Amino acid sequence: MLRRSLSTEKRSSSTGTEVPKGYVAVYVGESQKKRFVIPVSYLNQPRFQDLLYQAEEEYGFQHPMGGLTIPCSEELFVDITSRLGRR
């Protein structure tokens, strides 16, 4: 299950934006970031871990959106997560 937030504005966990238990919010995009809510189980998948490695290389612990930011295109992210969702 993959959900995209309707708003692309900057958010942090202190704004009260709810993320269901067992899910995590991530920001994706190369220039304009979009917020997605994904299952925590995706974080253990090798393809997703490649994305996390890219995020570490690009941002370290200083993510520009205040949350986990993935530096890839929205299309690539959706492709990867949709494949993970079929397993």
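Residues numbered from 1 in each chain as written. Predicted model: local features only at pLDDT ≥ 70, side-chain atom pairs only at ≥ 80, totals over all residues. Heavy atoms only, no water.

- Taking an unreviewed UniProt entry as the reference, the chain is identified by name as Auxin-responsive protein SAUR24 belonging to Sesamum angolense.
- According to the UniProt record, the Sequence similarities (unreviewed entry) comment for the chain reads "Belongs to the ARG7 family." (UniProt positions renumbered as here; feature names shortened; annotations may be inferred.)

1. What to know about the confidence of the model for the chain
Any residue range with low pLDDT should be treated as having predicted coordinates unsuitable for detailed reading.
Part 1 of the argument: Looking at the chain as a whole, the pLDDT averages 79, with 76% of positions reaching at least 70.
Part 2 of the argument: Across residues 6-16, where pLDDT falls below 50, the model places 13 contacts with residues more than four positions away in sequence or in other chains. (pLDDT = per-residue confidence, 0-100. Contact = heavy atoms within 4.5 Å.)

2. Some remarks on the pairing of strand S2 (residues 23-28)
In regular strands, side chains alternate between the two faces of the sheet.
Part 1 of the argument: Of the pairings in the sheet, the one linking S2 to strand S3 (residues 34-39) comprises six bridges and is antiparallel in character. Along S3, the bridge assignment pairs Tyr 23 with Pro 39.
Part 2 of the argument: Strand direction decides the pairing type here: S2 and strand S4 (residues 68-70), joined by three bridges, are parallel. Along S4, the bridge assignment pairs Val 28 with Ile 70. (Pairing = 2+ DSSP bridges. Helix = DSSP H or I, 4+ residues; strand = E, 2+ residues; numbered from the N terminus.)

3. Points about the packing of aromatic side chains
Each aromatic ring pair is summarised here by two numbers: the centre-to-centre distance and the angle between the ring planes.
Part 1 of the argument: Within this structure, the stated rule accounts for two aromatic pairs.
Part 2 of the argument: Judged by centre distance (5.0 Å) and plane angle (50°), the ring pair of Phe 36 and Phe 77 falls under tilted. Of this pair, Phe 36 sits in strand S3 while Phe 77 sits in helix H2 (residues 74-85); the two residues are 41 residues apart in sequence, bridging distant segments of the chain.
Part 3 of the argument: Residue Phe 36 is classed as buried on the basis of its relative accessible area, which comes to 3%. (Phe/Tyr/Trp six-rings, centres within 6.5 Å; stacked < 30°, edge-to-face > 60°. Buried < 20%, exposed > 50% of the residue type's maximum accessible area, 1.4 Å probe, protein only.)

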